[in-house]
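Inside the fold
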Amino acid sequence: MIVITAAIFGALLGAGRARAHGGRLADMLQWGGSFAILFAVVGMIVSIIIERSI
């Protein structure tokens, strides 16, 4: 659940960042995808740490 939430948040954050810098649709998709992957990986690591500590 953390991974999905982090990926969605990352996609929205990346697309918003590209839009704020005057990016076109392709820029927003690329930044959104990149941020989604990054946040999903971080979310996965957090999920593993939480699961191992319980």
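Reading guide: rules and limits
Residues numbered from 1 in each chain as written. Predicted model: local features only at pLDDT ≥ 70, side-chain atom pairs only at ≥ 80, totals over all residues. Heavy atoms only, no water. Phe/Tyr/Trp six-rings, centres within 6.5 Å; stacked < 30°, edge-to-face > 60°. Helix = DSSP H or I, 4+ residues; strand = E, 2+ residues; numbered from the N terminus. Buried < 20%, exposed > 50% of the residue type's maximum accessible area, 1.4 Å probe, protein only. Expected span 1.5 Å × (residues − 1). Contact = heavy atoms within 4.5 Å. Arc of directions from axis to C-beta.

A closer look at the packing of aromatic side chains
Using the criterion set out here, one finds 3 aromatic pairs in the structure. Plain terms: the ring middles of Phe9 and Phe39 are 5.7 Å apart, the flat faces sit at 55 degrees to each other, and that makes the pair tilted. Of the two residues, Phe9 sits in helix H1 (residues 2–20) while Phe39 sits in helix H2 (residues 25–53), which places them 30 residues apart along the sequence. Residue classification places Phe9 among the partly exposed positions, given a relative accessible area of 49%.

A word on H2
With 29 residues, H2 extends 41 Å from end C-alpha to end C-alpha; this agrees with the ideal 42 Å at 1.5 Å per step. Looking at H2, one finds that the buried residues are Gly32, Phe35, Ala36, Ala40 and Gly43. Its buried side turned inward, H2 meets H1.

Some details on H1
Compared with the 27 Å implied by 1.5 Å per residue over 19 residues, the 26 Å span of H1 between its first and last C-alpha is a close match. Taken as a whole, H1 has its buried residues at Ala6, Gly10, Gly14 and Ala18. All buried residues of H1 project into a common sector of 95 degrees when viewed along the axis, lining one side. Away from its buried face, by an angle of more than 90 degrees, H1 presents the exposed residues Ile4, Ile8, Leu12, Arg19 and Ala20. Buried residues belonging to H1 abut H2. Looking one or two residues past H1, Gly22 carries a phi angle of roughly 80 degrees, positive in sign.

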